[in-house]
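Commentary on secondary and tertiary structure
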Amino acid sequence: MAQTFKFNGNGKFNREDLILFMNLKVISADKDGIVFDTETPNWVPIGEDNDEITREHNNETDSKKNVLGKITINATSGAETTEIDPIAIRGNEELSYILYIIHKYSLVGDKAAVPCMEVSLFDKQTTEGTYGAFTETAIIDEKSFGGGTSEIDAPITLNWKGDKVHGTYNLEQNTFTEITEA
């Protein structure tokens, strides 16, 4: 039997069907960096202040016409990034604390790495309440910390490390399960 390569349903998917999560369960956070609990992560959806969050692929393409009149196109994968702006700093919120620690200790590179997960609710799996997902580490590049007169703001760019692990996400249990076979 041939496999069907399409999603169920008709029409466009809603933006809220593609959710970015961060594991915000911190074990330690200081001048040496932030350490997250990866054994029992706390996956928190990101985007409360945003009307757009987009992963930019930043691929490089080059086209050349040869002497025979044929065009050759070469493509190279770019460094993927996601800008999240604004992010309001709030009390009693893990992401706000993480961004404050990055600001306080001027953390950059792997010291500011955060485990993330992208969940596609339109990619329904055979188990009820389970969806296609992948995890990937992102380096947080904090653009600023402060803002105008209304709130403290800390916009960031996530620089994706390319260490994707494919699997499924169970919404009710808030758990990711790695897929180990094709």
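In this report, the structure presented in the accompanying data block is examined. Bear in mind that the values here come from a model prediction, so they are computed numbers and not experimental data. Along each chain, residues carry numbers from 1 onward, in the same order as the chain's sequence is written. At least 70 in pLDDT is required for a residue's local features to be given in this predicted model, at least 80 for side-chain atom pairs to be given and counted, and no such filter applies to totals for whole chains, interfaces and linings, which use all residues. To get the side-chain values, all heavy atoms of the structure are used, and hydrogens and water are removed first.

Points about the pattern of salt bridges
Selection rule: A side-chain nitrogen of Lys or Arg and a carboxyl oxygen of Asp or Glu constitute a salt bridge if their distance falls within 4 Å. Strands here mean DSSP runs of E at least two residues long; helices mean DSSP runs of H or I at least four residues long; both are numbered from the N terminus. Exposure is judged per residue with a 1.4 Å probe applied to protein chains only, and the accessible area is read against the type maximum: over 50% gives exposed, under 20% gives buried, and values in between give partly exposed.
Within the structure shown, the criterion is met by 9 salt bridges. The shortest N-O distance in the salt bridge between Arg-90 and Asp-49 comes to 2.6 Å. With a gap of 41 residues between them, Arg-90 in the loop between strand 8 (81–84) and helix 1 (94–105) and Asp-49 in the loop between strand 4 (43–45) and strand 5 (55–56) connect regions that are remote in the sequence. Between Lys-143 and Asp-141 there is a salt bridge, with the nearest N and O atoms lying 2.8 Å from each other. A residue is classified by how much of its surface remains accessible, and Asp-141, at 31% relative accessible area, is partly exposed. Residues participating in the shared-partner salt-bridge network are Arg-55, Glu-80, Glu-118 and Glu-136.

What about the nonpolar core?
The nonpolar side chains of soluble globular proteins are, as a tendency, buried together. Applied cut-off: The term nonpolar core refers to a set of buried residues drawn from Ala, Val, Leu, Ile, Met, Phe, Trp, Tyr and Cys, joined through side-chain atoms within 4.5 Å. In what follows, residue pairs with any heavy atoms lying within 4.5 Å of each other are defined as contacts.
Met-22, Ile-84, Leu-99, Ile-102, Ile-140, Ile-156 and Leu-158 are the most contacted members of the largest nonpolar core, which has 24 residues in total. Within the residue set of this core, elements represented by two or more residues are strand 1 (18–23), strand 3 (33–36), helix 1, strand 9 (113–124), strand 10 (130–142) and strand 11 (156–160). The greatest single-element share of this core, amounting to 5 residues, is contributed by helix 1. When near neighbours in sequence (up to four residues on either side) are disregarded, Ile-102 contacts Ile-34, Leu-107, Ala-112, Ile-140 and Glu-142. One finds Phe-21, Met-117, Val-119 and Tyr-169 within the second-largest nonpolar core, a separate group that totals 9 residues.

Thoughts on unusual backbone geometry
In most cases, non-glycine residues show a negative phi, while peptide bonds are predominantly trans. Between Asp-85 and Pro-86 the backbone carries a cis peptide bond, its omega angle lying at 10 degrees. On the secondary structure map, Pro-86 appears in the loop between strand 8 and helix 1. The phi torsion at Asn-92 lies on the positive side, around 55 degrees, for a residue other than glycine. Tracing the backbone shows Asn-92 in the loop between strand 8 and helix 1. Asn-92 gets classed as exposed once you look at its relative accessible area, which sits at 84%. Phi is positive for Ser-106, close to 50 degrees, though the residue is something other than glycine. Inspection of the secondary structure puts Ser-106 in the loop between helix 1 and strand 9.

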